[in-house]
Structure formats: C-alpha cells, structure tokens
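Single-letter residue listing:
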Amino acid sequence: MPSPIPALKPLSKDGIDSALERAERYRLLNEPSQAQSICLDILEQDPQNERALVLLLLAITDAFSEGTAGASRALALLPRLRGDYHRAYYEGVIHERSARAMVTRGGPGAGYGAYAGIMRAMECFERAEALRPAGNDDSILRFNSCVRLLSSTPSIQEAPKHDSSELSE
C-alpha cells in the first residue's frame, strides 16, 4: 500500500512577491518544473495574478524541449490573461516555442509541423502588433525572429500538398 501524500501547504499572501522573484529565478536556472510549482502556489492564493499566469505559461513552454505535450496546458491559460494584446502575443510565443522544440528534437515530419507552428505564431504576432501599446515592439521582434528561423532552417517547410486526382489513379 503506497504511503499517503501530504497535503499542499498554502503560500501566505505576504509571500507572493518573493515567490514571483523565485519563480523567475528558477526559469533562468532552466528549472521549469520548480517555476511551475511556485506559480501554482501563487495562483492558489491569487488566481488572477497576471505575472504568475505569464510565468507559468512561460515555464510550461520552457519544458517543450522534452516534449510539447504541455502546449494545451499553456494555451488553456490564455483566457485568464487580461487584454487581447497579451492573449495574442503569448499565444504566438507558445506556438513559436513549440515549433522550435520540434525542430530541435527532429524526427519524421518535424519540419512540416514546425512550419505550421511558425506560421500560426506569426499570425498571432501580427494580431498582437495591431493591438500593441505605443512603443511596445515585442510582437514585431518575435515575428522577425520567426522569419529568420524560416530563412535559416531549410528543414522547416510547408508540407507537400497531395493532388486528390493522384490518389484515385
């Protein structure tokens, strides 16, 4: 019989700011699971904490190098973000990071999947660009990064389209 798992201990409201700093530090140390855990603790106390939501989303995408199964978890956080700009921008980040991870991992069809992800990311960044606050060019920088990735990585390409008449012969 397995041992019982202890209950989680709640974070104090006064500890949220230092916990946010710690989550950022764990992201920088490439420990996304630690950052995710801290963000979940913060969100238990303050479910609308925008900074914790963004950090959680980014920490999930930091783990894409191991597999993009977390993409749906990251996308599910988007409706909780305030403002159309942030939702469009971070949706683009999710798609871009997922595509980059596909390229890094490689395998059959990776370049085709990455192309679809990069194109989706670029659409999101264009939507974000139209909504951006004055002086905020983050969406343009991300869009340009996607274009450069497409230009420098020949394996990233659109999947061939099959002519339906070829299939019937």
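Everything that follows concerns the structure shown earlier in this document.
Thresholds applied
Residues numbered from 1 in each chain as written. Predicted model: local features only at pLDDT ≥ 70, side-chain atom pairs only at ≥ 80, totals over all residues. Heavy atoms only, no water. Helix = DSSP H or I, 4+ residues; strand = E, 2+ residues; numbered from the N terminus. Buried < 20%, exposed > 50% of the residue type's maximum accessible area, 1.4 Å probe, protein only. Contact = heavy atoms within 4.5 Å. Salt bridge = Lys/Arg side-chain N within 4 Å of Asp/Glu carboxyl O. Expected span 1.5 Å × (residues − 1).

## Describing the side chain of glutamate 96
Item 1. Considering the arrangement of structural elements, one finds glutamate 96 in helix H5 (residues 84-105).
Item 2. Classification of glutamate 96 as buried rests on a relative accessible area of 2%.
Item 3. Apart from residues lying up to four places away in sequence, glutamate 96 is in contact with Ile118, Ala121, Phe125, Arg142, Ser145 and Cys146.

## Considerations on the pattern of salt bridges
Item 1. With the rule as written, the count across this model stands at 12 salt bridges.
Item 2. The residue glutamate 91 makes a salt bridge to arginine 120 at a minimum N-O spacing of 2.6 Å. Placement of glutamate 91 in helix H5 and of arginine 120 in helix H6 (residues 110-131) is noted, with a sequence separation of 29 residues between them.
Item 3. Residue classification places glutamate 91 among the buried residues on the basis of a relative accessible area of 13%.

## What to know about H6
Item 1. If you check H6, its first and last C-alpha atoms are 31 Å apart, about what 22 residues at 1.5 Å a residue would give, namely 32 Å.
Item 2. All buried positions along H6 are accounted for by Ala110, Gly111, Ala114, Gly117, Ile118, Ala121, Met122, Cys124, Phe125 and Ala128.
Item 3. Where H6 is buried, its residues contact H5 and helix H7 (138-152).

Nothing here speaks to function; it is all geometry.
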